[in-house]
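Structural characterization, general
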Amino acid sequence: MNDYTLITSIGTGMYKKEGGYRITTYLFNNGKTYESRLFFDAILKTEFKPIKKIIFIGTYISSWDVLIDDKKDSNLWADVYEEINEKGLSPDSELIPKIKAHLKEQYSVEIEILVHTNIIDSDTTEEIFNIYKSVVPYIREDSNVLFDITHGFRSMPILMYQALQFASNGNTKLQNVELIYGEYIENEKISRVRDLSNYWHYARITDAISVFKAKLDGFALAGLLKKEYESYSKVINRISGIVQTNFCLQIIEVLNQLKNVLTENHETPPFWFSDIKSFLADFYKKIYSPKSGARTIFNFAKYLRERDLNTQAIISLQLTVETACAEKSDNPEKNKGNYDFWQSEGKITRKEVISSDCGLKRQILNLESFRNQIAHGGAKDNKTNASPSSDSIAKNFDSGAKGVETFLSKLGL
């Protein structure tokens, strides 16, 4: 099992009022208990997780002195206490290395301390957020993260949580973040340790679903589904790969795969899984056409256009024409996506269909010309010497889509 980096906040809270954080008995889910003023102390002493590093976050006026065992170093405790009360503990304070050394000796773990302004409002949010975001490089390589939200000002855990969420995108260090909270229960005189890790998982799932729905980029979602819903993970990965690579001809095969996946039954799936399944069922319904593969690719092109995936939409639209010609040939399966076929028999078929309709001819030929400009990195048009504009994609797609609809109808597809 990988070790853990513990992230915890230090506030002022009850310390200023009562001469010290309240002593409480922390009760862990595994039945272990430990009496302490500070939650991180209980986490380490009970060996709740294999903590190898602690990152403390607080403000200039946080009660940093509570971290010092005055029985072991009364002078350091006094110096820290005095500095906090006189001017606050600044990020460049000479006492910070001493506090770190004291804690490292006491707990035998790596220590990092980050300090920021005690004024937490809209004017300082960005400054504090950036400091919290900078926590990530301090996390041990290949380490799990245990985030303790027990102490600190109410806003501090929220900002830290958001900063970790922001920094987690594409960051392999933050694939496993567990949240923990010591909840004090007055009538029981104990603090029950609550595992809130699902909140992190739900947030990642929510973000991943949103990106998949908006842009069919489901790589993150597939990763989150892989362990429990492998078949869904695979089909979402394939859909995402098709969109990313423009391999739109493969959508027909993937839809067959998706059809089988959607028939699977799962016992008591989480609420968010039903949302994914519903979206994929709608995706299948909107794209699959029993009439022809060309119709299916045409539907896929329109679906891509709805999501402003315009480059992929144009390429799929042109491929619809090529697939339609292949499907009307003597060997459809061999000729689909066969460029040699398209350059010879396919173009002859296309020419026969559009020759008698000037409007259709213009739409289909303009579509192919625009698709070629996209495929060649925005090359200039041979006839007009004009470069394509991204602003014209929607217009070119709409015109091309009308022509493709007519083209398919004329071929009986």
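Fair warning: this is a prediction, and the values are worked out from it, not measured in the lab.

Moving on, we get to the pairing of strand β2 (residues 24-27). Where burial is concerned, the two faces of β2 differ: the one with Thr24 and Tyr26 is buried and the one with Thr25 and Leu27 is not. Pairing of β2 with strand β3 (residues 33-36) involves four bridges; the strand directions are antiparallel. Across the sheet, threonine 24 pairs through a bridge with serine 36, a residue of β3. The hairpin formed by β2 and β3 contains five residues between the paired strands, and glycine 31 there has a positive phi angle of roughly 95°. Note that β2 and strand β8 (residues 190-195) share three bridges and pair parallel.

We now examine the side chain of glutamine 373. By the element assignment, glutamine 373 lies in helix α16 (residues 358-375). With near-sequence residues (within four places) excluded, glutamine 373 lies in contact with Gly378, Ala379, Lys380, Asp381, Ala386, Ser387 and Pro388.

Taken as a whole, this structure holds 14 aromatic pairs when the rule is applied. When the ring of phenylalanine 283 is compared with that of tyrosine 303, the centres are 5.2 Å apart and the planes differ by 85°; the resulting orientation is edge-to-face. Linking phenylalanine 283 in helix α11 (residues 271-287) with tyrosine 303 in helix α12 (residues 293-306), this pair joins segments that are 20 residues apart in sequence. Of the two residues, phenylalanine 283 and tyrosine 303, neither departs from the other in class, the shared state being buried. Consider the rings of tyrosine 284 and tyrosine 288, whose centres lie 5.3 Å apart with planes at 10°: the pair is stacked. Owing to a relative accessible area of 36%, tyrosine 288 belongs among the partly exposed residues under this scheme. Grouped by ring-pair contacts, the aromatic residues Tyr26, Phe28, Phe39 and Phe48 constitute a single cluster.

Next up on the list: the sheet that holds strand β7 (residues 177-185). What the eight strands build is an open sheet, ordered β3-β2-β8-β7-β6-β1-β4-β5; its pairing is mixed. With partners counted over all chains shown, the strands left at the sheet margins are β3 and β5 (110-116), one partner each. Neighbour-to-neighbour, the strand axes of this sheet turn through a mean angle of 25°, independent of strand direction. Looking at chain direction, strand β6 (residues 144-148) and β7 are connected through four bridges and run parallel.

Relative orientation of the contacting elements helix α9 (residues 230-245) and α11 amounts to 50°, with a least axis distance of 12 Å. Classed by the angle they form, the pair α9 and α11 counts as oblique. Judged by the sense of rotation from one axis to the other, the crossing of α9 with α11 is left-handed. Of the residues in α11, those in contact with Tyr232, Ile236 and Ile239 of α9 are Phe273, Ile276, Lys277, Leu280 and Phe283. Of the residues that constitute the contact of α9 with α11, the class distribution is seven nonpolar, no polar and one charged.

With that settled, the discussion passes to the packing of helix α6 (residues 155-168) against helix α7 (residues 197-215). It is the contact of α6 with α7, at a shortest axis distance of 12 Å, that shows an interaxial angle of 45°. Overall, the two elements α6 and α7 adopt an arrangement that is oblique. Seen along the crossing, α6 lies across α7 with a hand that is right-handed. Contacts between α6 and α7 involve Tyr161, Leu164, Gln165 and Ser168 from the first element and Tyr199, Trp200, Ala203, Arg204 and Asp207 from the second. Residue composition of the contact of α6 with α7, grouped by class: five nonpolar, two polar and two charged.

The biggest cluster of nonpolar side chains holds 65 residues, and the ones touching the most others in it are Leu216, Leu221, Ile236, Leu280, Phe283, Phe300 and Phe407. In terms of residue count, the dominant contributor to this core is helix α13 (residues 310-327) (nine residues). Beyond its immediate chain neighbours, meaning those up to four positions away, leucine 280 contacts Phe212, Tyr232, Ile236, Ile239, Leu258 and Leu262. Core analysis: the second largest hydrophobic core is formed by 34 residues, Phe40, Val66, Val80 and Leu146 among them.

Cut-offs and rules
- Residues numbered from 1 in each chain as written.
- Predicted model: local features only at pLDDT ≥ 70, side-chain atom pairs only at ≥ 80, totals over all residues.
- Heavy atoms only, no water.
- Buried < 20%, exposed > 50% of the residue type's maximum accessible area, 1.4 Å probe, protein only.
- Helix = DSSP H or I, 4+ residues; strand = E, 2+ residues; numbered from the N terminus.
- Pairing = 2+ DSSP bridges.
- Contact = heavy atoms within 4.5 Å.
- Phe/Tyr/Trp six-rings, centres within 6.5 Å; stacked < 30°, edge-to-face > 60°.
- Axes fitted to C-alpha atoms, helices over the stretch in contact; angles between N-to-C directions.
- Parallel < 35°, antiparallel > 145°, perpendicular 65-115°, else oblique.
- Left-handed = near helix turned anticlockwise from the far one by under 90°.
- Nonpolar A, V, L, I, M, F, W, Y, C, P; charged D, E, K, R; others polar.
- Core = buried A, V, L, I, M, F, W, Y, C linked by side-chain atoms within 4.5 Å.

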